[in-house]
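Per-entry structural report
Next come the chains, spelled out residue by residue.
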Amino acid sequence: MTGWLMVALIGMCCAIWFRGSIISAQPPAANGAMTSAAGTSSSSRGQSSLMSGQHWPDEAICSAGVHTYFYMKLPPEYVRQQSQWFSFRSELGQIYNCSVGNGRISLNWVNRDGATMQSNSATFTIANDVLTVSDALQEETFDLSSSPWRLLSQRYTDPG
């Protein structure tokens, strides 16, 4: 039993390393527009880029995407919107920027070393108003029954 736990632990470490290898570091200036203060237009906040009949606003998709990608326990706190980008704060105070389109969730953030990181590996689908967010290591489903959403299920995936 202990041997299998060690194998599982080593596998998770390899998966996390693999995930880190698909994230590319960018120079800090690449995120200058998002780090400056920006106002939010209440008329444009959360407009959906989805086809009619689907009720998930971009802001809620981004919130769920940030939650899934960064393995958060609580929903991230909405901070502001600038153009098509939404900013969220984690419970630890980290700021994550998100934009959605064409079934992809684009993310950028500043790491502990001050480098701007980015990823476009998370995807989303919506069926019967249930949002499914997937990345290389996990898949989570959400509904809009509470604000900003409610986590329905979480499943870890095998990257291999």
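Here, the structure is the one placed above.
Reference entry: report on the structure contained in this document. This one's a predicted model, so the numbers in the text were calculated from it and none came from an experiment.

**Focus on the environment of Gly65**
Its place among the elements puts Gly65 in helix H3 (residues 58-69). By relative accessible area, Gly65 is classed as buried at 0%. Between the C-alpha atom of Gly65 and that of Pro76, which follows or precedes it by 11 residues, the distance is 9.9 Å.

**Describing the nonpolar core**
Core analysis: the largest hydrophobic core is formed by 26 residues, its most contacted members being Ile105 and Leu131. By residue number, the principal contributor to this core is H3, which donates six residues. Ignoring anything within four residues of it in the chain, the contact list for Ile105 reads Ile61, Gly65, Cys98, Ser99, Val100, Ser119, Asn120, Ala122, Thr123, Phe124 and Val133.

**So, the packing of aromatic side chains**
The full count for this structure, using the stated rule, is six aromatic pairs. Aromatic pair Phe70 and Trp109: ring centres 4.8 Å apart, planes at 85 degrees, arrangement edge-to-face. Remark: Trp109 occurs in strand S5 (residues 104-110) and Phe70 occurs in the loop between H3 and strand S2 (77-82); sequence separation between them is 39 residues. Residue class for Phe70 comes out buried when judged on its relative accessible area of 19%. Overall, the relative accessible area of 9% leaves Trp109 in the buried class. Ring plane angle 75 degrees and centroid distance 6.0 Å describe the contact between Tyr78 and Phe88, whose orientation is recorded as edge-to-face. With Tyr78 in strand S2 and Phe88 in strand S3 (residues 85-89), the pair connects residues that are 10 residues apart, well separated along the chain. Per residue, the accessibility class of Tyr78 equals that of Phe88, and both read buried.

Parameters and conventions
- Residues numbered from 1 in each chain as written.
- Predicted model: local features only at pLDDT ≥ 70, side-chain atom pairs only at ≥ 80, totals over all residues.
- Heavy atoms only, no water.
- Helix = DSSP H or I, 4+ residues; strand = E, 2+ residues; numbered from the N terminus.
- Buried < 20%, exposed > 50% of the residue type's maximum accessible area, 1.4 Å probe, protein only.
- Core = buried A, V, L, I, M, F, W, Y, C linked by side-chain atoms within 4.5 Å.
- Contact = heavy atoms within 4.5 Å.
- Phe/Tyr/Trp six-rings, centres within 6.5 Å; stacked < 30°, edge-to-face > 60°.

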